[in-house]
Amino acid sequence: LHLAAQHGHPAAVSLLLREGGCDVDTGLLPSSNRSLNHDTTNDSQRTNTTAGGGATPLHRAAFSGAISSMQILLSWGDDNENDNPPQETKKKANLLAKDTSFGDQKTPLHKAVAGGRPLAVQLLMDALRHRNLLREALRSRDAGGRTPLQLARQFASLRPEEKEEERCSVRRWDVVAGGDAAD
């Protein structure tokens with residue numbers, strides 16, 4: 001699920017969630033999730049238990065700018081679906097989960113900002129607003145103590161050569177991660 005989300009394969013994301021029964025946050029099958037002590041109350045109270053090296057599929061999709069995958073992950077668990085998978089697979093994606101894979105403690109919004117993905121930022125802000133979590137997300141801090149807005153300001157204040165270096169870094173990450181370099 002993580003790789004499908006990261007590389008922008010919405011059909012695979014949908015299939016893994018709907019037919020495969022993968023958990024929207026961990027990417028694991030329901031039998032694997034039982035051992036993770038998962039609390040499904042809400043984003044701000046949920047434990048930060050993730051698979052995939054500490055990142056959720058939404059972290060991966062947000063950083064890479066995979067908008068279609070993000071839309072599926074963000075809509076998962078909405079009650080407007082005709083079919084009713086088991087309740088444990090119907091929980092919504094945790095929009096406030098912190099990525100522990102690099103020790104950066106970034107939320108999906110931080111990741112979209114860090115990846116330079118304005119459409120991903122807008123999509124996440126709309127979802128956060130819809131769930132009344134926008135204020136909390138904008139106040140959340142990464143391991144460096146930065147909010148998403150502070151991170152955006154940091155990137156905006158870079159000199160042109162630093163911006164190009166950052167763009168190249170994101171392109172390299174895209175290629176190393178197995179996708180096409182995004183501009």
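Above this text is the structure in question.
Throughout what follows, the structure given in this document is the object of discussion. Just so it is clear, the model here is predicted, and its values are computed rather than measured.

1. A few points about the nonpolar core
Alright, step 1. Among the nonpolar cores identified, the biggest contains 34 residues, and Leu-58, Met-70, Leu-73, Leu-95, Leu-124 and Leu-128 are the most heavily contacted of them.
Alright, step 2. At the level of elements, α1 (2-6), α2 (10-18), α4 (57-64), α5 (67-75), α6 (108-114), α7 (118-130), α8 (134-139) and α9 (148-156) are the ones that each hand at least two residues to this core.
Alright, step 3. If sequence neighbours within four positions are ignored, Met-70 has contacts with Leu-58, Ala-61, Ala-62, Ala-120, Leu-123 and Leu-124.

2. Observations regarding α4
Alright, step 1. Among the eight residues in α4, seven count as buried, and that is most of the element.
Alright, step 2. Just past α4, the residue Gly-65 takes up positive phi, approximately 75 degrees.

3. Examining the packing of α2 against α5
Alright, step 1. Look at α2 against α5: their axes get within 8 Å of each other, and the N-to-C directions meet at 20 degrees. Between α2 and α5, the interaxial angle falls into the category roughly parallel. Between α2 and α5 lies a crossing of right-handed hand. In this structure, α2 contributes Pro-10, Val-13, Ser-14 and Leu-17 to the contact, and α5 contributes Ser-68, Ser-69, Ile-72 and Leu-73.

4. Comments concerning the environment of Pro-108
Alright, step 1. Its location among the elements puts Pro-108 in helix α6.
Alright, step 2. Considered as a pair, Pro-108 and Phe-63 are 45 residues apart in the sequence and their alpha carbons are 7.5 Å apart.
Alright, step 3. For Pro-108, the residues in contact, after removing those within four places along its chain, are Leu-58, His-59, Ala-62, Asn-94, Leu-95, Ala-97 and Leu-124.

5. Section: the packing of α4 against α5
Alright, step 1. Axis separation between α4 and α5 bottoms out at 9 Å; the angle between their running directions is 150 degrees. Taken together, the axes of α4 and α5 lie roughly antiparallel to each other. In this structure, α4 meets α5 at a crossing whose hand is left-handed. Here α4 contributes Pro-57, Leu-58, Ala-61 and Ala-62 to the contact with α5, which in turn contributes Ser-69, Met-70, Leu-73 and Leu-74.
Alright, step 2. Its residues assigned to classes, the contact of α4 with α5 comprises seven nonpolar, one polar and no charged.

6. What to know about unusual backbone geometry
Alright, step 1. Of note in the backbone geometry, Gln-105 takes a positive phi value of approximately 55 degrees without being a glycine.
Alright, step 2. Relative to the helices and strands, Gln-105 is located in the loop between α5 and α6.
Alright, step 3. A positive phi is found at Asn-132, a non-glycine position, where the angle reads about 60 degrees.
Alright, step 4. In this fold, Asn-132 is placed in the loop between α7 and α8.

7. Some thoughts on the environment of Pro-10
Alright, step 1. Within the fold, Pro-10 resides in helix α2.
Alright, step 2. Here the alpha-carbon distance between Pro-10 and Ile-67, two residues 57 residues apart in the chain, equals 8.9 Å.

8. Here we look at the environment of Ala-4
Alright, step 1. Inspection of the secondary structure puts Ala-4 in helix α1.
Alright, step 2. The class for Ala-4 is buried, based on a relative accessible area of 11%.
Alright, step 3. On a C-alpha basis, the gap between Ala-4 and Pro-57 in space is 8.3 Å, while along the polypeptide they are 53 residues apart.
Alright, step 4. Dropping the residues within four chain positions of it, Ala-4 is found in contact with His-9, Ala-12, Val-13, Leu-16 and Ser-69.

Calculation notes
- Residues numbered from 1 in each chain as written.
- Predicted model: local features only at pLDDT ≥ 70, side-chain atom pairs only at ≥ 80, totals over all residues.
- Heavy atoms only, no water.
- Core = buried A, V, L, I, M, F, W, Y, C linked by side-chain atoms within 4.5 Å.
- Buried < 20%, exposed > 50% of the residue type's maximum accessible area, 1.4 Å probe, protein only.
- Helix = DSSP H or I, 4+ residues; strand = E, 2+ residues; numbered from the N terminus.
- Contact = heavy atoms within 4.5 Å.
- Axes fitted to C-alpha atoms, helices over the stretch in contact; angles between N-to-C directions.
- Parallel < 35°, antiparallel > 145°, perpendicular 65-115°, else oblique.
- Left-handed = near helix turned anticlockwise from the far one by under 90°.
- Nonpolar A, V, L, I, M, F, W, Y, C, P; charged D, E, K, R; others polar.

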